[in-house]
Amino acid sequence: MFGLPTATVVIIFGIPAIWVIYTLVFVYLSRGWKAEDIAEDQLTTAPSGPSAATNDHRSETENGGLA
C-alpha cells in the first residue's frame, strides 16, 4: 500500500486495530461491573440485627464526599 513494505503496513494498521478490538472486548466484558458492585454493597450493608441501623457509619471522606 502506497509503496510501503508489508511489515510497515501491518504495524501502522495492525497495532491500532488490535487496540480497538481490545478496547471493545474490555467494554463488553465490563458492562456489568457497576451492577455487581451495587449488589455486593447491598450484601455487605444488609441489616443483620437490632444494631444494624448503627452499622452504616460511613464517613464523608471515605467516598470522597460523594454520597
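Residues numbered from 1 in each chain as written. Predicted model: local features only at pLDDT ≥ 70, side-chain atom pairs only at ≥ 80, totals over all residues. Heavy atoms only, no water.

A separate point is the overall build of the protein chain. Secondary structure summary: the protein chain contains three helices and zero strands in total. For the protein chain, the sequential pattern of α-helices and β-strands runs α-α-α. Within the protein chain, the fraction of its 67 residues that count as buried is 4%. Summing over all exposed atoms, the protein chain offers an accessible surface of approximately 6300 Å²; the carbon and sulfur share of this is 67%. (Helix = DSSP H or I, 4+ residues; strand = E, 2+ residues; numbered from the N terminus. Buried < 20%, exposed > 50% of the residue type's maximum accessible area, 1.4 Å probe, protein only. Areas by Shrake-Rupley, 256 points an atom, 1.4 Å probe, with all protein chains shown as cover.)

The feature "transmembrane region" (unreviewed entry), as given by UniProt, occupies residues 6–29 in the numbering adopted here. The distance from the first to the last C-alpha atom of residues 6–29 is 33 Å, and the span holds 100% helix and 0% strand. (UniProt positions renumbered as here; feature names shortened; annotations may be inferred.)

Another point: a negative patch on the surface. Negative charge collects at one region of the surface, where E36, D37, E40 and D41 lie side by side. Mapped onto the elements, D41 comes out in helix α2 (residues 33–44). A relative accessible area of 39% means that D41 is categorised as partly exposed. (Patch = residues over 30% accessible without salt bridge, like charges linked within 9 Å, V, L, I, M, F, W, Y side chains within 5 Å. Salt bridge = Lys/Arg side-chain N within 4 Å of Asp/Glu carboxyl O. Lys, Arg positive; Asp, Glu negative; His and termini not counted. Charge placed at Lys NZ, Arg CZ, Asp CG, Glu CD.)

What follows concerns the packing of aromatic side chains. Applying the stated criterion across every chain, the model contains two aromatic pairs. Judged by centre distance (5.6 Å) and plane angle (90 degrees), the ring pair of F26 and W33 falls under edge-to-face. On the basis of relative accessibility, which here comes to 45%, the residue W33 falls in the partly exposed class. Across the ring face of Y28, the terminal group of R31 is positioned such that the distance to the ring centre comes to 4.1 Å. (Phe/Tyr/Trp six-rings, centres within 6.5 Å; stacked < 30°, edge-to-face > 60°. Lys NZ or Arg CZ within 6 Å of the ring centre and 35° of its normal.)

Let's shift gears to helix α1 (residues 6–29). Spanning 24 residues, α1 covers 33 Å between terminal C-alpha atoms, matching the ideal 34 Å at 1.5 Å per step. α1 sits mainly on the outside: one of its 24 residues count as buried. (Expected span 1.5 Å × (residues − 1).)

For an α-helix, 3.6 residues make a turn, and residues three or four places apart therefore share a direction. Its twelve residues place the ends of α2 16 Å apart at the C-alpha level, agreeing with the 16 Å of an ideal helix rising 1.5 Å per residue. The buried count for α2 comes to zero of twelve residues, which makes it a mostly uncovered element.

So, on to the side chain of S30. For S30, the position within the fold is in the loop between α1 and α2. At 2.8 Å, the side chain of S30 and the backbone oxygen of F26 are in polar contact. (Polar contact = N/O pair within 3.5 Å; in protein donor to acceptor, adjacent residues only side chain to side chain.)

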